[in-house]
Amino acid sequence: MDYDKTAMPAAYDRARTYQPEVLRLWLEAISLEVPKTEVDHIIDFGCGTGRYSGPLSVHFDAELTGIEPSEKMLAEASAKAPSDRVRFCRAAGEALPLADGCADLVFISMVLHHLADPARAAMECGRTLRPGGRLALRTGSTEQSVSYPYIPFFSGLLEIIRERLPSRARIRQLFEDAGLELASHRVIKHQFAASWPAYADKLALRADSFLASLPDPAFNTGLDALRAHAEEQDPGKPIREDIDFFVFRKPAA
Ligand SMILES: C[S@@+](CC[C@H](N)C(=O)[O-])C[C@H]1O[C@@H](n2cnc3c(N)ncnc32)[C@H](O)[C@@H]1O
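Residues numbered from 1 in each chain as written. Predicted model: local features only at pLDDT ≥ 70, side-chain atom pairs only at ≥ 80, totals over all residues. Heavy atoms only, no water.

1. Thoughts on the site of the ligand
The environment of the ligand is made up of 19 residues, and the closest members are Gly46, Arg51, Glu68, Gly93 and Ser109. A distance of 3.1 Å separates an oxygen atom of the ligand from a polar atom in the side chain of Tyr12. Burial of the ligand by the protein amounts to 96% of the accessible area it has alone, namely 590 Å². Partitioned by chemical class, the residues of the shell around the ligand number ten nonpolar, six polar and three charged. (Near = heavy atom within 4 Å. Polar contact = N/O pair within 3.5 Å; in protein donor to acceptor, adjacent residues only side chain to side chain. Areas by Shrake-Rupley, 256 points an atom, 1.4 Å probe, with all protein chains shown as cover. Nonpolar A, V, L, I, M, F, W, Y, C, P; charged D, E, K, R; others polar.)

The structure is reproduced here in structure tokens:
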């Protein structure tokens, strides 16, 4: 999806805001696998609005390069101006404008299913990582997609998601073919919204490429059904999402 042809960039952060503890959960999950002392330069691959870029740079006390093809997403990222240790670069992940072995950590969040050529992008990650460097991947997978709480409300959504998201085996193969080895895989559960009504409000912004692909009538009918459901739920019940988290390692030379 070309984000520049959509209205998603302006709504993206509001549609994906987290409580600070959710961000912390992810940063800690990464540094559990990737020692902070081994990270001086991070690539935030497909950084979007940069919601992880500044926090990653601070958490790892490292330089960060955010790579992103969408001008509008990059404008949102640049407006955050996190620090002079974070720079953004307009490019596609299939051709990273960065030197071989320049990165200690490549971070990829929710980008895999957008790539025109995932195999080439994985090779680029392998090329730019130094020997012993790690790739941390937050992603949806075919297997996990059935658990997304919004699926039952939107007709045709599961089919779209299943067609676009890779399976776990495919993800592993992709990066192993690029010369990386799997270090770990787990599913991380995090709070996506504080309640069903808050969840509905986030989804209503439609800053989700799967929801954006639905015909308008299917989206509107689904959102109405979800809002009706939300009214009957315990207002204190948080909505969780389960996200696959992979770490790959480039073998030492
Ligand atoms: C769902 S957003 C994720 C943004 C960010 N990583 C995050 O988690 O908030 C997907 C991003 O991937 C970017 N993208 C699409 N094609 C790409 C490519 N070929 N290389 C790198 N990024 C790409 C999109 O422009 C968009 O900003």
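Alright, that's what it looks like, and here's the rest.
2. As for the packing of helix α5 (residues 118-128) against helix α8 (residues 168-177)
At a closest axis distance of 8 Å, the pairing of α5 and α8 adopts a crossing angle of 50 degrees. The angle between α5 and α8 places the two elements in the oblique class. The chirality of how α5 crosses α8 is right-handed. Taken together, the residues of α8 that come into contact with α5 (itself represented by Pro118, Ala119, Ala122 and Met123) are Leu174, Phe175 and Asp177. The residue inventory of the contact of α5 with α8, partitioned by class, reads six nonpolar, no polar and one charged. (Axes fitted to C-alpha atoms, helices over the stretch in contact; angles between N-to-C directions. Helix = DSSP H or I, 4+ residues; strand = E, 2+ residues; numbered from the N terminus. Parallel < 35°, antiparallel > 145°, perpendicular 65-115°, else oblique. Left-handed = near helix turned anticlockwise from the far one by under 90°. Contact = heavy atoms within 4.5 Å.)

3. Comments concerning the environment of Ala95
Position of Ala95 relative to the elements: it lies in the loop between β3 (86-90) and β4 (103-109). Apart from the residues within four sequence positions on either side, Ala95 is in contact with Arg120 and Glu124.

4. Considerations on helix α3 (residues 53-60)
Burial analysis of α3 places six of its eight residues in the buried class, the great majority of the element. Within the span of α3, buried status applies to Ser53, Gly54, Leu56, Ser57, His59 and Phe60. Against the buried residues of α3 lie α2 (20-33), β1 (41-45), β2 (63-68), β3 and β4. Phi for Asp61, located one or two positions after α3, is positive at around 50 degrees. (Buried < 20%, exposed > 50% of the residue type's maximum accessible area, 1.4 Å probe, protein only.)

5. Concerning the sheet that holds β4
Strands sit in the order β3-β2-β1-β4-β5-β7-β6 across an open sheet of seven strands; the sheet is mixed. With partners counted over all chains shown, the strands left at the sheet margins are β3 and β6 (181-193), one partner each. With strand direction ignored, the average angle separating the axes of adjacent strands in the sheet is 20 degrees. Two strands pair when backbone bridges link them, and β4 and strand β5 (residues 129-139) are joined in this way by six bridges, in the parallel orientation. Within the sheet, the bridge partner assigned to Ile108 lies in β5 and is Leu137. Strands β4, β5, β6 and β7 (239-249) of the sheet are contacted by α2, whose axis makes an angle of about 170 degrees with β6. (Pairing = 2+ DSSP bridges.)

6. Focus: the packing of helix α9 (residues 196-204) against helix α11 (residues 216-231)
In the contact formed by α9 and α11, the axes pass within 8 Å of each other and the chain directions differ by 165 degrees. Considered as vectors, α9 and α11 are oriented roughly antiparallel to each other. At the point where α9 passes α11, the crossing takes the left-handed sense. Between α9, through Trp196, Pro197, Tyr199, Ala200, Asp201, Leu203 and Ala204, and α11, the contact on the second element is made entirely by Phe219, Leu223, Leu226, Arg227, His229 and Ala230.

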